[in-house]
Amino acid sequence: MTHSALYDLAPMLELMALGLGLALGPLTWVWWRNRGTGSGKRLQALCILTLFLTFDLVLFGAFTRLTDSGLGCPDWPGCYGTSSPIAASAQIAQAQAAMPTGPVTHGKAWVEMIHRYLATTVGVLIIAMTVMAWRRARQLGRQASTGALSPWWPTAALVWVCIQGAFGALTVTMKLFPAIVTLHLLGGTGLLALLCISAAAMSLAARQQAPALISRGLRLGLWAALAIVVMQVALGGWVSTNYAVLACTSFPTCQGSWWPAMNFEQALQIWRPLGLLADGSSIAFEALTAIHYLHRLAAYVVVGVLAALWWCLRLVPALALQRRLLGGFLILQVATGLSNVVLDWPLVAAVLHTGGAAALVTIVVWCLTVTRATQTASQAPSPTTGAAR
């Protein structure tokens, strides 16, 4: 396939129309369920629903990657210049006959295109959310209540999802280039964070509630936890995109050693094709081991930091729900991470591990959105009274 054939924009309008049609379902549900309420309630519902569907999209993106369906349609944005694997069945059958196990098969083509359909649907919902946010901002004017959603957050999400779409295209056209696929994963996590800010801000506004006050130290701890978790998501993406999960199949040791043979120089060579180094030679197994072990070592730090954060959040009753979710997803991450190693990388555990990481980022961002640091010591919440409203 020539380079120009990788980008065939002919099916773009068909995909956009399909995304609009699919988005009409959630949009109609939001309007119907919130009929008779104000624009703020509808916008809140749309923000929460878009966040939920984007989380589902991240999970399905992990499923696409883990089933090796990322090249199920080797062009972008359609499939062999069409908007559906049905229309491309002849080309897919030919590719599958040449290579029965992939990368192009009928099943993988459907997985890849469903992922694109879902992504287009989420894009339409974010457009609708942005339009509603700006209309509401003009209606409120200077009368906006504390905690009201700034329309710039949905706008940022809209710009972000466009960039994320570009990385999705590069994922296909650059043949699963590990750095691009990892950035695509990070982009999905970042989109969740932006949508979480919008949903949390609208929920505060709906309850006419100001952000809870927490100590400066705890707020700094939240920011530190967010940075550490995002770093771990990047390391996890690097493990997955380099297929380095099975470089270590035991725990807590790796290959029977606490410090196996590793090649960090190759492991940290970022800009290179899948399975190769920048000079075209094959990447060493010791490099895959180093990629895996870096993620494992960082996991010890992440678990410690998040466990400490979970313990500190007991002093803030206003964050009781977030604390329970944080503890639950942290346990899920540990369980699925161990399962990936000792159970030969089961698909369910691998998908849940990606989802758990995205959920942890979202929970910490949620905590940051609904809180503010105290200005004076007298404003700090006590273990019995909780955060000020």
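Residues numbered from 1 in each chain as written. Predicted model: local features only at pLDDT ≥ 70, side-chain atom pairs only at ≥ 80, totals over all residues. Heavy atoms only, no water.

**Points about the overall build of the chain**
Part 1: Assigned secondary structure in the chain consists of 12 helices and 4 strands.
Part 2: At 23 Å, the chain has a C-alpha radius of gyration in line with the 21 Å of a compact globule built from 389 residues.
Part 3: Along the first, second and third principal axes, the C-alpha atoms of the chain reach 70 × 55 × 30 Å.
Part 4: The proportion of buried residues among the 389 residues of the chain is 49%.
Part 5: Considering only intrachain contacts with a sequence separation of at least 6, the fraction spanning at least 24 residues in the chain is 79%.
Part 6: Summed over all atoms, the accessible surface of the chain reaches about 18,100 Å², with 69% contributed by carbon and sulfur.
Part 7: Of the side chains in the chain, 22 bear a positive and 10 a negative charge, and the two mean positions are spaced by 28 Å. (Helix = DSSP H or I, 4+ residues; strand = E, 2+ residues; numbered from the N terminus. Rg over C-alpha atoms; globule rule 2.2 N^0.38 Å. Buried < 20%, exposed > 50% of the residue type's maximum accessible area, 1.4 Å probe, protein only. Contact = heavy atoms within 4.5 Å. Areas by Shrake-Rupley, 256 points an atom, 1.4 Å probe, with all protein chains shown as cover. Lys, Arg positive; Asp, Glu negative; His and termini not counted. Charge placed at Lys NZ, Arg CZ, Asp CG, Glu CD.)

**What about the packing of helix H6 (residues 152–173) against helix H7 (residues 178–206)?**
Part 1: One way to put it is that H6 packs onto H7 with a least axis distance of 9 Å and a crossing angle of 165 degrees. One element, H6, and the other, H7, form an angle in the roughly antiparallel class. The handedness of the crossing between H6 and H7 is left-handed. Taking contact as the criterion, the partners of Trp153, Pro154, Ala156, Ala157, Trp160, Val161, Gln164, Phe167, Gly168, Leu170 and Thr171 in H6 are, on H7, Ile180, Val181, Leu183, His184, Gly187, Gly188, Gly190, Leu191, Leu194, Leu195, Ile197 and Ser198.
Part 2: Here the contact of H6 with H7 is built from residues that sort into 15 nonpolar, 8 polar and no charged. (Axes fitted to C-alpha atoms, helices over the stretch in contact; angles between N-to-C directions. Parallel < 35°, antiparallel > 145°, perpendicular 65-115°, else oblique. Left-handed = near helix turned anticlockwise from the far one by under 90°. Nonpolar A, V, L, I, M, F, W, Y, C, P; charged D, E, K, R; others polar.)

**Looking at the confidence of the model for the chain**
Atomic detail in the predicted coordinates should be set aside for any region of low pLDDT.
Part 1: Summary statistics for the chain give a mean pLDDT of 91 and a share of 93% for residues scoring 70 or more.
Part 2: Per-element mean pLDDT across the chain ranges from 56 in helix H1 (residues 3–6) up to 98 in helix H10 (residues 285–312). (pLDDT = per-residue confidence, 0-100.)

**What about the packing of aromatic side chains?**
Part 1: Taken as a whole and judged by the stated rule, the model has 6 aromatic pairs.
Part 2: Judged by centre distance (4.7 Å) and plane angle (55 degrees), the rings of Phe177 and Trp271 are tilted. Taken together, the residues Phe177 in the loop between H6 and H7 and Trp271 in the loop between helix H9 (264–267) and H10 connect sequence positions 94 residues apart.
Part 3: A residue is classified by how much of its surface remains accessible, and Trp271, at 53% relative accessible area, is exposed.
Part 4: For Arg35, the ring lying beneath its charged end belongs to Trp32, and the centroid distance is 3.9 Å.
Part 5: One residue, Arg323, lies across the ring of Trp310, its end atom 3.9 Å from the ring centre. (Phe/Tyr/Trp six-rings, centres within 6.5 Å; stacked < 30°, edge-to-face > 60°. Lys NZ or Arg CZ within 6 Å of the ring centre and 35° of its normal.)

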